[in-house]
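Each chain, letter by letter, is given below.
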Amino acid sequence: MKFKAQIMDGQAIQRATTRIAHEIIEKNRGIKDVVLVGIKTRGIPFAKRLGEKIESIEKEKVDIGMLDITLYRDDLSKVDENPVVNDTDIQADINDKVVVLVDDVLYTGRTVRAAMDAIMDIGRPKAIQLAVLIDRGHRELPIRADYVGKNVPTSKDEVICVHFEEIDGANDVTINER
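Everything numeric here is computed off the predicted structure, so don't read it as measured data. (Residues numbered from 1 in each chain as written. Predicted model: local features only at pLDDT ≥ 70, side-chain atom pairs only at ≥ 80, totals over all residues. Heavy atoms only, no water.)

*Asks:* Which residues make up the packing of helix H1 (residues 10-27) against helix H2 (residues 43-58), and what values go with them?
*Replies:* In the contact formed by H1 and H2, the axes pass within 9 Å of each other and the chain directions differ by 60 degrees. Where H1 crosses over H2, the handedness of that crossing is right-handed. Residues Ile13, Thr17, Thr18, Ile20, Ala21, His22, Ile24 and Ile25 of H1 touch H2, and the partners they reach there are Phe46, Arg49, Leu50, Lys53, Ile54, Ile57 and Glu58. For the contact of H1 with H2, the residue count by class is nine nonpolar, three polar and three charged. (Axes fitted to C-alpha atoms, helices over the stretch in contact; angles between N-to-C directions. Helix = DSSP H or I, 4+ residues; strand = E, 2+ residues; numbered from the N terminus. Left-handed = near helix turned anticlockwise from the far one by under 90°. Contact = heavy atoms within 4.5 Å. Nonpolar A, V, L, I, M, F, W, Y, C, P; charged D, E, K, R; others polar.)

Printed below as a string of structure tokens:
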């Protein structure tokens, strides 16, 4: 891949995280029945960051879980013959709660569809919402994010790379060409 441009630096990610945290609180009139669920891999640190920001605003902890959607993918046979499934860890009861799925990039919508299937196998939430750092377009399914850090129109030849300190040792979002 060839580097094309940095579209967000660490401060921009932090501002987007703060804005999304406020939007989640406002839309749900607080966080009483809200559970944040990060989609593996980079949705998990983003969910944790959102949770920390919400806690600093509301002075109350929000439940955070993590979700591995590997077995729910519709392209599983194309990805790997022997997929490795990591633990899904959602300690909170999601029944009758608002589950906010959190991911780094929204692209075709297939990951989100798989995440919704996985959530429905775990329980029956009151509602499912979606928070993403980047919405790059090119949807293949009728899925829309409730909370978006930044809309970035892309071509299908471009790749959005989100880097979080917790995983990558850096905080930025870049756009690259295949």
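*Asks:* Requested: an account of helix H4 (residues 110-122), with residues and values cited.
*Replies:* The periodicity of an α-helix, 3.6 residues per turn, causes residues three or four positions apart to be oriented the same way. Its 13 residues place the ends of H4 19 Å apart at the C-alpha level, agreeing with the 18 Å of an ideal helix rising 1.5 Å per residue. Every buried residue of H4 is listed here: Val112, Ala114, Ala115, Ala118 and Ile119. The buried residues of H4 occupy an angular sector of 160 degrees when projected down its axis, which confines them to one face. Against strand E2 (34-39), strand E3 (63-67), strand E4 (98-106) and strand E5 (127-135) lie the buried residues of H4. (Expected span 1.5 Å × (residues − 1). Buried < 20%, exposed > 50% of the residue type's maximum accessible area, 1.4 Å probe, protein only. Arc of directions from axis to C-beta.)

*Asks:* Tell me about the UniProt feature "short sequence motif: PRPP-binding" (unreviewed entry) in the protein chain, residues and numbers included.
*Replies:* The sites that UniProt annotates as "short sequence motif: PRPP-binding" (unreviewed entry) are residues 99-111. Annotated as residues 99-111, this span is 15% helix and 62% strand, and its ends, taken at the C-alpha atoms, are 16 Å apart. (UniProt positions renumbered as here; feature names shortened; annotations may be inferred.)

*Asks:* Account for unusual backbone geometry, naming residues and giving values.
*Replies:* Between Lys40 and the following residue, Thr41, the backbone shows a cis peptide bond with an omega angle of 15 degrees. With respect to the secondary-structure elements, Thr41 resides in the loop between E2 and H2. In this model, Asp96 sits at a positive phi of 60 degrees, which is unusual for a non-glycine residue. With respect to the helices and strands, Asp96 occurs in the loop between helix H3 (76-79) and E4. Its relative accessible area of 56% is what places Asp96 among the exposed residues.

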